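Summary of structural features
Chain by chain, the residues:
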Amino acid sequence: MASMPNVIKMESQDTLTGLADVGQLRRTTAQWRDAWPSGAGPCPIHAMLITLGRMDTVNVAFGESVGDGALVEIAHRIRHFANDELESDAWMAARLTGGVFMLVARTESSRERWQWLAEALADALATPIAHPDGGSSLRLWPRIALMRTGENDDVDSMLDRLSEVAARMRQAHGRRIEWSSGTVESAARSNIQLESDLLAAIDRDEIEILFQPQYSLVDGHMVGAEALARWHHPIVGRIGAAALFQIAERADHVAHLSRHIAERALEAAKLWPYSLRLSLNITPVDLAADNFAIDFARMAERVGFPLSRVTLEITEQVLLDDLDRVSKTLQQLKVLDVRIALDDFGAGFCNFRYLKVLPIDCIKLDRSMVEGVLEDERDRAVFRAIMGMAKALDLRVLVEGIETERQRDFCAAEDCEYYQGFLSAEPMPPHAFLNASMR
């Protein structure tokens, strides 16, 4: 749940979501303070208390099983957001009770950045959640209370202060972000300003492309890399891919950003050894375009990178809008020799029908699928069931988020083919990846 130097060993967790529980939260924050160098000032811990509205309504209207599934999806979104935006910091996400979650990070974050992170996370959590049976989608409304801890704050005092803020927000309808000081901060940069900044950043080629290496679990050799995007905003700071695309979506420039990232990644990848593959994420906007397959093929041809070495990754969110249209586009890409991977498999709701009706070559197991397999027999049973299904459908399996040798060895023993994660390499800029690929 953190980058490799900050790996946290989970001793106890919430049984529904797999996030930490309150006990684990107490132990972790205490460990952070104990490990903080003396003379370096107070340990910089920032916290968010996330409360979800309408959970009771969801349980009554749709049933508790759907409500539980929604909480699992929310936990997945919090985890992925933190992995994306806090990858260089130690962090922990916990479920406290019902629809109440907490995200804490040991980070030298400015007040403006922590405020912006809360705004971006709230946007991510408010995105509709697909109903598992194809019914009406669910939408939950998050409120987030913020604080930077003082020297004498422990988890209990943090919860007391943040809970008071959350109670105030419930009374102030329409307010979703507030600090424990009782004041509401204005955003460091308005949405409109960020949208304008993004367009300028694309034009000036300021969106950084990083590559997350992928490895064989059979012999350990590098097999390719996933392209990731980052934006280092001069005021807000580092913005990861998910938040980057949220900004682009508000500005109606998702297709422009996605194409920019793909083109830059293809240009860098054409210098790689021929044995390596490039994985690219594609968005619902991409697949909604009737001519996406042809346009992508022309771009790859112009750059000079063969489509036979491209894997396009799609998430379940991509498939929600128009499955028939998506299927048609993916079939066109398959004819062009592109591989298709289903990303984040095992996180949130998972409709196995996708594996039946879509031309999927590979599933990427979400990091949450391996976080508990070494300690929990039920987690191992679920993992092995997915592997059995993958073998029956002749699907390759890549496991994300491998952070320890024991996790890697377990996945290899279960016949997974590939992995990526901080155990072997963090995301790296193009020149560093090229050097690594030549070794």
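Quick look at the overall build of the protein chain
Across its full length, the protein chain carries 15 helices and 14 strands. Its C-alpha atoms give the protein chain a radius of gyration of 21 Å, within 12% of the compact-globule value 22 Å for 439 residues. Each of the three principal axes of the protein chain carries a C-alpha extent, and together these read 60 × 50 × 50 Å. The buried share among the 439 residues of the protein chain stands at 54%. Partitioning the contacts of the protein chain with sequence separation of at least 6, the portion at a separation of at least 24 is 69%. Approximately 19,100 Å² of the protein chain is accessible, and the part contributed by carbon and sulfur atoms is 49%.

As for helix H6 (residues 191-203)
With 13 residues, H6 should reach 18 Å at 1.5 Å per residue; the first-to-last C-alpha distance of 19 Å fits that figure. Listed as buried for H6 are Leu194, Glu195, Asp197, Leu198, Ala201 and Ile202. One side of H6 holds all its buried residues, which, seen down the axis, span an arc of 165 degrees. In H6, those exposed residues whose orientation departs by more than 90 degrees from the buried face are Ile192 and Asp203.

Things to note about the sheet that holds strand E1 (residues 45-53)
An order of E2-E3-E1-E4-E5 is seen for the 5 strands of this open sheet, with the pairing classed as mixed. Each end of this open sheet is capped by a strand with a single partner; those strands are strand E2 (90-97) and strand E5 (177-179). Taking the axes of each pair of neighbouring strands and ignoring which way they run, one obtains an average angle of 20 degrees across the sheet. Strand contacts of helix H5 (residues 155-171): E1, E2, strand E3 (100-106), strand E4 (141-148) and E5, with the helix running at about 140 degrees to E4, the strand carrying the most contacts.

Re the packing of helix H7 (residues 241-250) against helix H8 (residues 254-269)
Where H7 contacts H8, the two axes come as close as 8 Å, and the packing angle between them is 140 degrees. Relative to H8, H7 is oriented oblique. Each of Leu244, Phe245, Ala248 and Glu249 in H7 lies in contact with H8, whose residues at this interface are Val254, Leu257, Ser258 and Ile261. Of the residues in the contact of H7 with H8, the class split is 6 nonpolar, 1 polar and 1 charged.

Quick look at unusual backbone geometry
Located in the positive-phi region is Asp337, a residue other than glycine, with phi close to 80 degrees. On the secondary structure map, Asp337 appears in the loop between helix H11 (323-335) and strand E11 (339-345). For Asp337, a relative accessible area of 47% puts it in the partly exposed group. Of note, the phi angle at Asp415 is positive, near 70 degrees, even though the residue is not glycine. By relative accessible area, Asp415 is classed as partly exposed at 45%.

Overview of the pairing of strand E12 (residues 362-365)
Residues of E12 alternate between two faces, with Cys362 and Lys364 on one and Ile363 and Leu365 on the opposite face, all of them buried. Examined bridge by bridge, E12 and strand E13 (residues 396-399) share 4 bridges and lie parallel to one another. Within E13, the residue paired with Lys364 across the bridge is Leu398.

Structural notes on the environment of Thr15
For Thr15, the position within the fold is in the segment before helix H1 (22-35). C-alpha of Thr15 to C-alpha of Glu195: the two residues are 180 residues apart in sequence and 39 Å apart in space.

What to know about the confidence of the model for the protein chain
Looking at the protein chain as a whole, the pLDDT averages 86, with 90% of positions reaching at least 70. Considering only residues more than four positions removed or in separate chains, one finds that residues 1-7, a stretch of pLDDT under 50, has 26 contacts.

A look at the environment of His233
Mapped onto the elements, His233 comes out in strand E7 (residues 222-233). Taking the C-alpha atoms as reference points, His233 and Ile207, separated by 26 residues in sequence, lie 9.5 Å from one another. Side chain to side chain, His233 and Asp197 meet in a polar contact 2.8 Å long.

Re the nonpolar core
Of all hydrophobic cores here, the largest spans 116 residues; its most connected members are Met48, Ile50, Phe211, Leu278, Leu312, Ile363 and Phe383. Those residues in contact with Ile363 that sit more than four places away from it in its chain are Leu342, Phe345, Leu355, Ile386, Ala390, Leu395, Arg396, Val397 and Leu398. Of all hydrophobic cores here, the second largest spans 21 residues; its members include Cys43, Ala94, Met102 and Val165.

Examining the pairing of strand E6 (residues 207-216)
The buried fraction of E6 amounts to 9 of the 10 residues, a majority that puts the element mostly inside the structure. In this structure, E6 lies alongside E7, joined through 9 bridges in antiparallel fashion. Directly across from Ile209, in E7, lies its bridge partner Ala229. The hairpin formed by E6 and E7 contains 5 residues between the paired strands, and Gly220 there has a positive phi angle of roughly 85 degrees. One ladder, built from 2 bridges, connects E6 with strand E14 (residues 418-419); its direction is antiparallel. Bridge pairing in E14 links Tyr215 to Tyr419.

Reading guide: rules and limits
Residues numbered from 1 in each chain as written. Predicted model: local features only at pLDDT ≥ 70, side-chain atom pairs only at ≥ 80, totals over all residues. Heavy atoms only, no water. Helix = DSSP H or I, 4+ residues; strand = E, 2+ residues; numbered from the N terminus. Rg over C-alpha atoms; globule rule 2.2 N^0.38 Å. Buried < 20%, exposed > 50% of the residue type's maximum accessible area, 1.4 Å probe, protein only. Contact = heavy atoms within 4.5 Å. Areas by Shrake-Rupley, 256 points an atom, 1.4 Å probe, with all protein chains shown as cover. Expected span 1.5 Å × (residues − 1). Arc of directions from axis to C-beta. Pairing = 2+ DSSP bridges. Axes fitted to C-alpha atoms, helices over the stretch in contact; angles between N-to-C directions. Parallel < 35°, antiparallel > 145°, perpendicular 65-115°, else oblique. Nonpolar A, V, L, I, M, F, W, Y, C, P; charged D, E, K, R; others polar. pLDDT = per-residue confidence, 0-100. Polar contact = N/O pair within 3.5 Å; in protein donor to acceptor, adjacent residues only side chain to side chain. Core = buried A, V, L, I, M, F, W, Y, C linked by side-chain atoms within 4.5 Å.

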